[in-house]
Amino acid sequence: MISGLMRLFQNHSDRTESGVIQLKERTPTQLGDVQRRIRIYLQALWGCDFAINSFDAVPQTQGIGTPSIKDSLIHVPTCYYDVTLDGVTSIPGQEIYRAATAHAAAHLIYSRHHFAPESVNKLQRTMISVIEDARVETLAIRQFPGLKQLWCRQHPGSQSHNQTAGDYLDRLARALLDDTYQDDDPWISQGRVLFNAANDLESHAASIDIGLMLSKSFLQKNIKFNARSDRLAAPYRDDNQFLWDPVIAPIEEQDAPTVAAPIKLFLDSDKIESTEKDIKSEQMQASIKAASISDTYSYPEWDYRGQIETRSWVMLRERDPDSGDLRVIADITTRNKHLITRMKNILEAIRYKGVHRIRKLEEGDELDINAAIRALADLRLGLPPDTRVMMRSARKTHDMSVLVLLDLSRSTNETVHGHDHTVLQLTQEVCILFAEALETTGDPLAIYGFNSRGRHDVDFFRFKGFDQPHDDNMKSRIAGMTGKRSTRIGAAIRHATHHLNLQKSAKKLLMIITDGKPYDIDQPDPRYLCFDGKHAVIDAGRTGIHSYCLSLDPNADEYITQIFGARNYMVVDHIRSLPEKMLQIYAAFSR
């Protein structure tokens, strides 16, 4: 990896030696020294906070690292040296930081769709990216005209640079941004005409159309394109990986509230650790003493007000719950025999998902007609045929791990409206019925619960682990289920993600059952734990885990969409239908 970076820098150095960019020998500008001003600058522009991360550039590059956008974070080098463009224009490191972060923020605001990398070649991908850069900058300049001067000063392209594809890309980028720049090259003029004639720059489709046309006409120049070295020389431009990664989602207005935390906004780093005062607090010491080291975990937490992920902020303790009376479970199964039978029949029906064909076999059950025709055609052409003309049919089986995560806060002791049983009793019933039915498929199932009392004291209860059998011990733990304390849902989702990531299944489903809004005693801000829960769900999704929430709160729509998304939750109005609702969700995701 290091050798690859060095080769990339060598390619970049060839262009700097030609006079495009020259580094000035002086003390670099450190991100820590300007981060406070940069974040205030971005907040003043768009009215929301942007999280800025730093990375160490390869030492030989002296701070010339390429910015990037990942996980809705703006990544910039730890330091920038002042640079001189074409031996004339001097750009201070602080100005490069301003331009780089403003450009990345424009992508997060205006690049709301991603491009499909598999549908284009490397030249087309680079050309579309250059047009998209120009599109978002044009939209930003319409709103903030002063950005034009900031960005124009850092474009080194000129007509004297005409040796490589990168030279022409620099000239195109400058021409689309700076209307005072003169360039007589027909290809540059074509790019300007197409861009200025675009009817709707609000749509990313303009970048695709213009980029594809320019890449086609560029081939007429007969200049070899090298995706590794032919990149824009403007030091503030990012690597555009953000535009081609379908996993990363651009920032949305609801994800970036205008409320800022003034203390954390002014920190030199976007990540903070637990303080020494926190570590020495009596509450934390009591939590440490009460749990064994092997069962204690620390997790980060997301503060939406400053867009800060605070590492090692929450302490979670995994423990076995107390056992209860097995007669409670026996009563549940007796009352729901018919429902259990119906659920098992449904699961048995979806256990096998049809038939798929395995092709290109030399020995199989039947002849693959298409492969046989291709082999015959090769024979007649005098070519050696592919002898793998057989195929075999196989039944598809699903492979999924399911983790049920239960909210066991104090509110679960309350009676369900219109019924004579509590939320906790309903939760017990759901766990038993779902576990009994899922025994039919043999899919790995885990059942955990959680509650909390501040960030230093989150309990995570093991009712059934993936490696534990469906037996009387599991049933007695469910029978002893109790509800108390509060609901710090983000930490619980992160720990459930940890357990699911240890499974080897092709699909992984996290089902959360809750009866109210996330709350804890140390967080008076009602939105804090909701945004942290959303961040935990996003992190789980990046590892291939699908999260789905079943809420028993009739008013859940106000906050549950914010955490899980519009299609990943269900408010259960008819309480008795909850077991079958869970089964429907399981069946939908097992397809």
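All of these numbers come straight from a predicted model, not from anything done at the bench.

Description of the sheet that holds strand 15 (residues 445-452)
Strand order in this open sheet of eight strands is 9-10-16-15-14-17-18-19, and the pairing throughout is mixed. Each edge of the open sheet is held by one strand with a lone partner, namely strand 9 (296-303) and strand 19 (569-571). Across the sheet, the axes of successive neighbouring strands diverge by a mean angle of 25°, strand direction being ignored. Taken together, the seven bridges between strand 9 and strand 10 (residues 308-319) define a ladder with antiparallel strand orientation. Residue Tyr 297 lies in a different strand from strand 10, and its bridge partner there is Leu 316. Along the sheet, helix 18 (residues 489-501) contacts strand 9, strand 10, strand 14 (400-407), strand 15, strand 16 (458-464), strand 17 (507-514) and strand 18 (545-551); its crossing angle with strand 9, the most-contacted strand, is approximately 125°.

Side note on the pairing of strand 15
Among the eight residues that make up strand 15, eight are buried, leaving the element largely enclosed by the rest of the structure. Across the two faces of strand 15 the burial is the same, with Leu 445, Ile 447, Gly 449 and Asn 451 and Ala 446, Tyr 448, Phe 450 and Ser 452 all buried. Pairing between strand 14 and strand 15: six bridges, direction parallel. Bridging from a neighbouring strand, Leu 406 pairs with Gly 449 of strand 15. Taking the sense of rotation as the criterion, the β-α-β connection linking strand 14, helix 16 (residues 423-438) and strand 15 turns out right-handed. Connecting the antiparallel pair strand 15 and strand 16 is a turn made up of five residues, with Gly 454 showing a positive phi of about 85°.

Thoughts on unusual backbone geometry
The phi angle of most residues is negative, glycine excepted, and most peptide bonds adopt the trans form. Of note in this structure, Ser 312 is not a glycine but carries a positive phi near 50°. Looking at the secondary structure, you find Ser 312 in strand 10. Residue classification places Ser 312 among the partly exposed residues on the basis of a relative accessible area of 39%. A positive phi is found at Arg 485, a non-glycine position, where the angle reads about 65°.

A few points about the packing of aromatic side chains
The geometry of an aromatic ring pair comes down to the distance between the two centres and the angle between the two planes. Applying the stated criterion to the full structure yields 10 aromatic pairs. Seen from their ring centres, Tyr 80 and Tyr 97 are 4.7 Å apart, and the 65° between their planes marks the pair as edge-to-face. Residue Tyr 80 is found in strand 6 (residues 79-80), and its partner Tyr 97 is found in helix 3 (residues 93-110); the two are separated by 17 residues along the sequence. By relative accessible area, which is 1% here, Tyr 80 ends up buried. Tyr 97 sits in the buried class, given a relative accessible area of 0%. Taken together, Tyr 168, Trp 187 and Phe 218 form an aromatic cluster joined through their ring pairs. Across the ring face of Tyr 41, the terminal group of Arg 98 is positioned such that the distance to the ring centre comes to 4.7 Å. When the ring centre of Trp 313 is taken as origin, the NZ or CZ atom of Arg 455, which lies over that ring, is 3.4 Å away.

Cut-offs and rules
- Along each chain, numbering runs from 1 in the same order as the chain's sequence is written.
- It should be noted that, the model being predicted, local features are given only for residues of pLDDT at least 70 and side-chain atom pairs only at 80 or more, the latter also being counted only at that level, while totals for whole chains, interfaces and linings use all residues.
- Note that water and hydrogens are dropped before the side-chain values are worked out from all heavy atoms of the structure.
- Strand pairing is assigned whenever DSSP detects at least two bridges linking the two strands.
- Elements are defined by DSSP. Helices are runs of H or I of four residues or more, strands are runs of E of two residues or more, and each kind is numbered from the N terminus.
- Where helices are involved, their axes are fitted lines through C-alpha atoms of the stretch in contact, as for all axes, and angles between N-to-C directions lie from 0 to 180°.
- Two residues qualify as a contact provided that any one of their heavy atoms is within 4.5 Å of a heavy atom in the partner residue.
- Each residue is assigned to one of three classes by its accessible area relative to the maximum for its type, calculated with a 1.4 Å probe on protein chains only: buried under 20%, partly exposed between the two thresholds, exposed over 50%.
- By definition, the crossover connecting two strands over a helix is right-handed if that path, from the first strand to the second, turns clockwise as seen with the strands pointing away from the viewer.
- Working definition: a ring pair exists when centres of Phe, Tyr or Trp rings (six-membered ring for Trp) sit within 6.5 Å. Plane angles under 30 degrees give stacked, over 60 give edge-to-face, the rest tilted.
- Either the NZ atom of lysine or the CZ atom of arginine qualifies as a charge over a ring when it sits within 6 Å of the ring centre and within 35 degrees of the ring normal.

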